[in-house]
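# Descriptive structure summary
Chain by chain, the residues:
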Amino acid sequence: MMTMLKELAAELIGMFVAEKRLTIAVLVIVAVAGSLVDFAGLNPLVGGAVLLFGCLSLLIESVCRAARVGAS
Amino acid sequence: MMAWSTAAPAISAAFLASLVEVVEAFTIVLAVATLRGWRPAALGTAAGLGVLAGIVLLLGPLLDRVPISSLQLAIGILLLLFGMGWLRKASLRAAGVIPLHDEEAIFAAEAAELSEEARRRQRNLGWAAGITVLKAVLLEGLEVVFIVIAVGAGRGLLVPAGLGALAACAVVLAAGAIIHRPLARVPENTLKFGVGVMLSAFGVFWTGEGLGIAWPGQDLALLLFAALFLGAGLLASTFARKLAVEFA
């Protein structure tokens, strides 16, 4: 029973933490976008653009990094 | 009034994501049923679905108590993490950097594990087989529950998203009942790629709304986000294929 619960917990965490660096980077992008919207006094769409294009860039960077590591 | 520009992506994301998860659970259920009979497989499945139903009934009412902007932000961030994780893996699989998911191989591995268990323990095999199925149904089912809540809760689309998931279960069960073999021909990576695209798009959309961003075009922005994530995933996959060759 304990083993199964541990596996369940690991699976739940694994659902959202596919790769540690990507997870942290996404959270940082969300925090930056939130700060731009709430504190910088800019148009909220600037925060939206940072969120959208930040995530797109992170995805490409993460896949390329994994390809370099995986292939070497 | 249901906006189809939001409802259609929510229903299709729930359907396709559930299709992938149900196929994975079905492979384990079939392996157990083939080796140990349908009784432990059916009991394990029923127990897994029962626990999932309990989780939904317990957590469902709590969602109504959370302010909508906080709910959108929390779900949006989780969707971003979940969707981008899927999209990353699907891009790497499409590039050939990591191997494709192979239902036949998983079926064989599960069957070998159960046979090994049979040699070691000699008894309580029905129980062990049932637990194996329960675990598989629960683990894959939790992902389905999360996806249904995530794509449905932000706009009151829980029921349509749930119906999308149920339709996926029905499709897999019907296909499984007909062919009685692991569903190896399902283009799983293509599905995962598509679902990763949609979940990531929903993730940006909900996170932005939770932060107070009013997206231009409202729900239609989802389609633009999905197109951009699709483009980024394909681009990443192309780069990854070149890098894998270069660094090999």
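Remember, predicted model here, so these are calculated numbers, not experimental data.

## Things to note about the overall build of chain B
Helix and strand counts for chain B come out as eight helices and zero strands. The secondary structure elements of chain B, listed N-terminal to C-terminal, are α-α-α-α-α-α-α-α. Looking at chain B as a whole, 50% of its 248 residues qualify as buried. Sequence-distant contacts in chain B: of pairs separated by 6 or more residues, those separated by 24 or more amount to 86%.

## Some points on the packing of helix α3 (residues 68-94) of chain B against helix α7 (residues 188-211) of chain B
All names here are of chain B. The contact between α3 and α7 brings their axes to 6 Å, and the two run at 150°. One finds that α3 runs roughly antiparallel with respect to α7. The element α3 and its partner α7 pack so that their crossing is left-handed. Looking at the contact of α3 with α7 residue by residue, the classes come out as 19 nonpolar, 10 polar and three charged.

## So, the confidence of the model for chain B
Residues and elements named next belong to chain B. Across chain B, the average pLDDT comes to 82, with 88% of residues at or above 70. No element of chain B has a lower mean pLDDT than helix α4 (residues 103-121), which averages 69, and none a higher one than helix α8 (residues 221-247), which averages 91. Prediction confidence for the complex, expressed as pTM and ipTM, is 0.80 and 0.89 respectively.

## So, the environment of Lys192(B)
All names here are of chain B. For Lys192, the location among the structural elements is in helix α7. Residues Lys192 and Glu140, spaced 52 residues apart in sequence, show a C-alpha to C-alpha distance of 14 Å. Apart from residues no more than four positions distant in its own chain, Lys192 is found in contact with Val20, Trp86 and Ala90.

Criteria and cut-off values
- Within any chain, residue numbers begin from 1 and follow the written order of that chain's sequence.
- Whichever chain is written first is A, and whichever ligand is written first is 1; the rest continue in order.
- Local features are withheld for residues below a pLDDT of 70 in this predicted model, meaning they are given only at 70 or higher, and side-chain atom pairs are given and counted only at 80 or more; totals for whole chains, interfaces and linings count all residues.
- Runs of E in the DSSP output that reach at least two residues are strands. Runs of H or I that reach at least four are helices, and both are numbered from the N terminus.
- Three exposure classes are used, all based on how many other C-beta atoms lie within 10 Å of a residue's own C-beta (placed from the backbone): buried at 20 or more, exposed at 12 or fewer, and partly exposed between those limits.
- We call two residues in contact if the C-beta atoms placed from their backbones are at most 7 Å apart.
- Orientation is described by axes fitted as lines to C-alpha atoms, over the contacting stretch for helices, and by angles from 0 to 180 degrees between their N-to-C directions.
- Relative orientations are named as follows: roughly parallel for angles under 35 degrees, roughly antiparallel for angles over 145 degrees, roughly perpendicular for angles from 65 to 115 degrees, and oblique for any other angle.
- Here is the rule for handedness: rotate from the far helix to the near one, and if that takes an anticlockwise turn smaller than a right angle the crossing is left-handed, while a clockwise turn gives right-handed.
- Residues are grouped as follows: nonpolar covers Ala, Val, Leu, Ile, Met, Phe, Trp, Tyr, Cys and Pro; charged covers Asp, Glu, Lys and Arg; every other residue, Gly included, is treated as polar.
- Predictor confidence is given residue by residue as pLDDT, running from a minimum of 0 to a maximum of 100.

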